Structure formats: C-alpha cells, structure tokens
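Fold and geometry: a report
The residues making up each chain are set out below.
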Protein chains: 2
Amino acid sequence: MTDRETDQGYEFDRGTTVVARSGEPSVFDAELDGGWRIGKGINGGLLLAIAARALAAELGGGEDGHSDPFSITAYYLSTSTAGPAELRTETLRRGRTVSTGTVSLLQGGEERLRAIATYGDLDRHAAGDIRTSATPPNLPPPEKCVGAELAPPSFVEQAELLSRLDLRLDPDTVGWAMGAPSGRGVIQGWLRMPDGREPDPLLLLLAADALPPTSFDLGIGGWAPTLELTVHVRAKPAPGWLRLVHSTRNFADGYMEEDAEVWDSSGRLVAQSRQLARVRVQR
Amino acid sequence: MTDRETDQGYEFDRGTTVVARSGEPSVFDAELDGGWRIGKGINGGLLLAIAARALAAELGGGEDGHSDPFSITAYYLSTSTAGPAELRTETLRRGRTVSTGTVSLLQGGEERLRAIATYGDLDRHAAGDIRTSATPPNLPPPEKCVGAELAPPSFVEQAELLSRLDLRLDPDTVGWAMGAPSGRGVIQGWLRMPDGREPDPLLLLLAADALPPTSFDLGIGGWAPTLELTVHVRAKPAPGWLRLVHSTRNFADGYMEEDAEVWDSSGRLVAQSRQLARVRVQR
C-alpha cells in the first residue's frame, strides 16, 4: 500500500502516535504538533486521543485485551505546548468484558492531563438492542455550510487546528462570527478529515471537542479552556462525514457544561460527550 | 447544640464520614453502611460522596484550600460491600482558583473505585452572570407524588437505600413499577432527607444517582451498574426539596448514558451529571 494509506500517512494518526519506550513498560513518548493548537494550547480532544492510544496499548494486549474506549475522562491540569510529551499508563482492573486504566500525560515533568478510561470491544455487542430517542441534527448539506475559509482571520489565527479539519458549520449557528450570536448556545456542523482519514473511535474523541466553544453562540467571547472532558464511545462509526452538535444548557458564574453528540453517516449516535469548561469572558 | 444538629446526627453524614489515619497522610478510613445498598452493592452516589469528602480533606486544607467539588468523576471497578473501606488521596495540581486531586477507595486491598476531581470555592463566583436555557421539571407537589411506600416490595427489598431517602416520584414516570413503562426513558421526582439534613454539594452527589435506573422506563428490567459517573456541581443548593430529572437518550447494545439534573428549591440548576451504565437485561 502507498505511504498515504499507512497510518503514518494521515495527519491525525501522525499527531496521535505514541511510541513505547524500550525497557520502560507502560511509558510512551509522543510529539505534540503545534498544528493542532487552539487558543494557547493543543486541542483537548487531540490530547485525549493521544492518551487513548497509549491506554489502548496498555489495555489492548493479549487475546483478552480491550482496545476500544467505552468511556474516557480527562482532567486538564496545565496548558500543553508543541513539543515532546511523555505518557505513563497503569491498569486498574482487567475484566472479562471491560478493563479500566489510567494515564498521565507530562511535558518536562509537569503533568498536563490525567485520564481514566474503561475499554472494551465495540464489535462484541454490535447490532444489538438499540433504543435511541435522540435525533440527528437537521443540517444543510456540507456544500451549503460554512467552512473555515469564511471564518474571521483573527479567529483562524488562534485556531491552527482548523486547517487540519474539514469543518462545515450550519449557517444558522455561526451568527456569532458575524457579531450576531443566537443566544441558544448551540453550534453544529459536519466534520471529516481533509486527507481522507476515515472516522474510528479515536477520531470521535477529537470530534467531541472540535467545534468552537458554544459560549460564542451565547455572545460570550474568549476561549473556554476545558477542565474535564468525558466521552462515551457507543459504536464504531461508518465511513464518511460526521455530524456534530455541541450545546450548553447552563452557563453560570464563569463555567459552562458543553454537551456533544457525534452522529455517523449511517445516522447512528456513535459518541456522546460532556465537558466542564471555564469561560474567560472578554469585555 | 444537640447531637441531632451535629454532622454525626444525620444519616448521610454518618454514612459518608472519613477519618484521617494518624501517621499516614492522605489515608482515610470509612465504614460502608449496608443501609445504603442498592442491588448488589452500595449506591454509587454515596460512594462518590465518601470519595469527595476525602478529597475535600486533601485539597481543602490551608487558607488557599479548595473545598467544593466543581467536577468529580468516578470509575467503578468492583462491587462495594458493607464494611470497612480505605481511601487514598493524592493532589495532582494545586492552583489559585481550582485544585485537582485523585482518590482511590479500596476494601480488603481490592480497588472499588478511582475518582478524579477538580475543587474550588463555590461562594467565590456566586450570583454572577447566569444564562441557563434548561428549565426545571414540571412536577406535581410532593404530596401528590409516589413515595417508596408505594413501590413494589420486591423492588424495595433490593434497594435498602430507599428507606434513607424521602423520594417522591412523578406519577407520570413510574408506570414501569406497574408494568407500564412509558418508553421515554425519563424518571423524575422530589428528594429530601427524612431526618431534615439540608442539601449541600456533597448531598448533590448522592442526588445525581438516587433514582431508579431510567432503563426501567424503557421497559428494561434488571439493575444498571455504573461504569462511570461525572457530576458537575454548579452552586450551593438552597435548603428544602431538590427536584431531580434522570433521563437517557441512548440505550444501545447493553449500555446507556444517564443524565441527571438537580434543581434546588430556589429554582436553580445546582448540579448536572452523566453516567455510563451497563444494563443487565432480565428476560
């Protein structure tokens, strides 16, 4: 296969590569690429995907290994910067259907995030009993949505991440970019990777944190650093576009929860997430 | 003050007491009371409150200490049973506005849960800018709701916890108890402590996991052990009844997310939570 087809051929896989350190079990090295920067630091969803890749190595080994994140939670401790990072994993419990582990991501000895996750096998229970009352977002087709090329330069400057994503936002939820936020606290759109990398559970972790902060749609400027992010991956996504809905129902006293739904091209809700973000109001 | 008025005078405070082990910093002892049992194990919300109390001791010390959980996440590793438990806490980061720590709860050397949490001072930012689009549940008055005394004995037998709570469920969401689930996946009602113990952030952690599994309202029997539970505490609750709404929007392949909202008597959304539960379908 061509280099393009190897994992290393895709931006996302290059950006989330972890290398087991020889002679040091459960220690991995990664390189944080500044191209995934948003605001001051590296995107929290990408960091979560890096942590998840290290945990997959920790929990996925052996015949009874578990390689798919069912639930993963990260607490962000300090701002990650471009450059080398070290990951240290630990198995908390190895079970028959699921296993749980924890991982720490450090730079220069300073802890950037601590995560816990329960892994399993998403194929094992697939196509079973499904009762989803949630409904996929009603979006105009991607070609009728707003791409990053239409975003204000001042915004793109602070979000190099945008050049790594093919993001198409619903025009009804981008009024904030033109100074007319809807006040509903909802931003939704389409996501795919420009280099053709198809979605998988790891990419869903990025998707859960890929949109601009929903506080923008409340008319509150300023970045919203994540304190805590939990993603529940419920199924392996079908190839093609992902539909994302990010919403907040409770902005209060400088903090907000932000819920995300990720729907795949087959119309299945493949991931749900919630984060607590601190909103630095710019006046 | 009378014994009744001391912390120890209330069931909830007795049930969540942690005692610092002398000579062993960051190690605490607790006694898990079988009266908080639901299904096979001790209620996950109560365990979370015990873990939170240990973390408050770890992170709350000193003038710049942080005593209120802003966000707390627990991963449940094995079934907790009545009897002694040991908690081991660790500070991950001590900051100016928030601090983050982790705690492990063990019984007989076996880890029951691992939690991470970020603590702060809920009074510091209180009464600030609030934009909540969520609306409190529309409930009949408590005297028109369904108390545990009306629950099927077979259900109460499996949930000693119920005798520790004054829980009044909305009649519209208890059809499942009479074999007529609504299929909406929503259970809501009122909660207060029978002994007059007023709500505080710790009690909100219990409230987030106090209702029967929403899968009952989907017509799916069987208990729903929690894999992961995250609670965001957004404000100190006013005294009086709490209003709870638990709902699931995605039951799939034996797992469901369950969202909870906790509203206080002043009509404020004081806590939001989400958990991933494994649903053991009884056929």
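Residues numbered from 1 in each chain as written. Chains lettered and ligands numbered in written order. Predicted model: local features only at pLDDT ≥ 70, side-chain atom pairs only at ≥ 80, totals over all residues. Heavy atoms only, no water.

Where an unreviewed UniProt entry is consulted, chain A appears under the name Thioesterase family protein, with the organism given as Streptomyces fildesensis.

**Some words on the pairing of strand E12 (residues 186-192) of chain A**
Residues and elements named next belong to chain A. The test is simple: The cut-offs for exposure are 20% and 50% of the maximum accessible area for each residue type, with area from a 1.4 Å probe on protein chains only; residues under the lower value are buried, those over the upper are exposed, and the others partly exposed. A helix here means a DSSP run of H or I that spans at least four residues, while a strand means a run of E at least two residues long, and both kinds are numbered starting from the N terminus. Between any two strands, at least two bridges found by DSSP are needed for them to pair.
Where burial is concerned, most of E12 is hidden: 6 out of the 7 residues are buried. Pairing geometry for strand E11 (residues 166-169) and E12, over 4 bridges, is antiparallel. Bridge pairing in E12 places Leu167 opposite Leu191. Sheet analysis places E12 next to strand E14 (residues 242-247), joined by 6 bridges and oriented antiparallel. Bridge pairing in E14 places Val186 opposite Ser247.

**A short note on the interface of chain B and chain A**
Convention followed: Contact criterion: two residues are considered in contact whenever any of their non-hydrogen atoms come within 4.5 Å of each other. Should a side-chain nitrogen of Lys or Arg be within 4 Å of a carboxyl oxygen of Asp or Glu, the pair is scored as a salt bridge. N or O atoms within 3.5 Å of each other form a polar contact, as long as, within protein, one can give a hydrogen and the other can take it, and as long as residues adjacent in sequence are counted only when both atoms are side-chain atoms. Under the grouping applied here, Gly and all other residues not named as nonpolar or charged are polar, the nonpolar ones being Ala, Val, Leu, Ile, Met, Phe, Trp, Tyr, Cys and Pro and the charged ones Asp, Glu, Lys and Arg.
Taken together, the contact pairs 56 residues of chain B with 56 residues of chain A. Taken together, the connections running from chain B to chain A amount to 6 salt bridges. Close ionic contact of Glu261 of chain B with Arg249 of chain A constitutes a salt bridge, the shortest N to O distance being 2.2 Å. Applying the counting criterion to the chain B and chain A interface returns 38 residue pairs in polar contact (both at pLDDT 80 or more). Each residue belonging to the side of chain B that touches chain A can be placed in one class, and the counts come to 22 nonpolar, 18 polar and 16 charged. The pairing of strand E9 (residues 130-132) of chain A with strand E15 (residues 250-252) of chain B spans 3 bridges and is antiparallel. Bridged to Thr132 of chain A within E15 of chain B is Asn250 of chain B.

**As for helix H2 (residues 44-59) of chain A**
All names here are of chain A. Condition: Given the number of residues in a helix, its expected span is that number minus one, multiplied by 1.5 Å.
Helix length check: H2, at 16 residues, gives a terminal C-alpha distance of 22 Å against a target of 22 Å (1.5 Å per residue), a fit within 8%. The buried count for H2 comes to 14 of 16 residues, which makes it a mostly enclosed element. Among the residues of H2, the N-terminal cap falls to Asn43, whose side-chain oxygen and the backbone nitrogen of Gly45 are separated by 2.8 Å.

**Overview of the side chain of Thr226 of chain A**
All names here are of chain A. Residue position: Thr226 is located in strand E13 (residues 226-233). Within the structure, the side chain of Thr226 is placed 2.6 Å from the side chain of Gln275, a separation counted as a polar contact. Look past the residues within four positions of Thr226 in its chain and what remains in contact with it is Tyr76, Asp209, Gln275, Leu276 and Ala277.

**Observations regarding the UniProt feature "domain: Acyl-CoA thioesterase-like C-terminal" (unreviewed entry) in chain A**
Heads up, the rule is: UniProt positions are given in the numbering used here, feature names are shortened, and annotations may be inferred rather than shown by experiment.
Per the UniProt entry, the sites bearing "domain: Acyl-CoA thioesterase-like C-terminal" (unreviewed entry) are residues 142-279 of chain A in this numbering. As a span, residues 142-279 of chain A carries 9% helix and 36% strand, and end to end its C-alpha atoms are 29 Å apart.

**What to know about the environment of Phe12 of chain A**
Tracing the backbone shows Phe12 of chain A in helix H1 (residues 11-15). Sequence-distant contacts of Phe12 of chain A, that is, excluding residues within four places in its chain, are made with Trp36, Leu46, Ala49, Met193, Arg197, Leu202, Leu203 and Leu206 of chain A.

**Let's talk about the pattern of salt bridges**
Tallying each qualifying case throughout the model produces 44 salt bridges over all chains. Notably, a salt bridge pairs Asp64 of chain A with Arg94 of chain A, separated by 3.7 Å at the nearest N-O pair. In this pair, Asp64 of chain A is assigned in the loop between H2 and strand E5 (68-76) and Arg94 of chain A in strand E6 (residues 83-94), connecting sequence segments 30 residues apart. With a relative accessible area of 38%, Arg94 of chain A lands in the partly exposed category. Put simply, Glu24 of chain B and Arg21 of chain B hold a salt bridge, and the shortest N to O gap is 3.5 Å. What makes Glu24 of chain B partly exposed here is its relative accessible area of 31%. Judged by its relative accessible area of 23%, Arg21 of chain B falls in the partly exposed class. By sharing partners, the salt bridges in this structure join Arg21, Glu24, Asp29, Glu86 and Arg88 of chain A into a single network.

**A word on the domain arrangement of chain A**
Reports of interface size often rely on the accessible area that becomes lost once the parts have come together. Residue and element names in this part refer to chain A. Heads up, the condition is: Domain start and stop points were drawn from an automatic or database domain assignment. What gets called buried area is simply the loss in accessible area from a 1.4 Å probe that two parts show on being joined, summed for both.
Under the domain assignment, chain A is made up of domain 1 (1-121) and domain 2 (140-283). One C-alpha centre belongs to domain 1, the other to domain 2, and the line joining them spans 21 Å. Each side of the interface is counted separately: domain 1 has 30 residues, and domain 2 has 27 residues. Across the domain 1/domain 2 interface, buried area totals approximately 2,600 Å², and carbon plus sulfur atoms make up 56% of it. Our enumeration of links across domain 1 and domain 2 arrives at 4 salt bridges.

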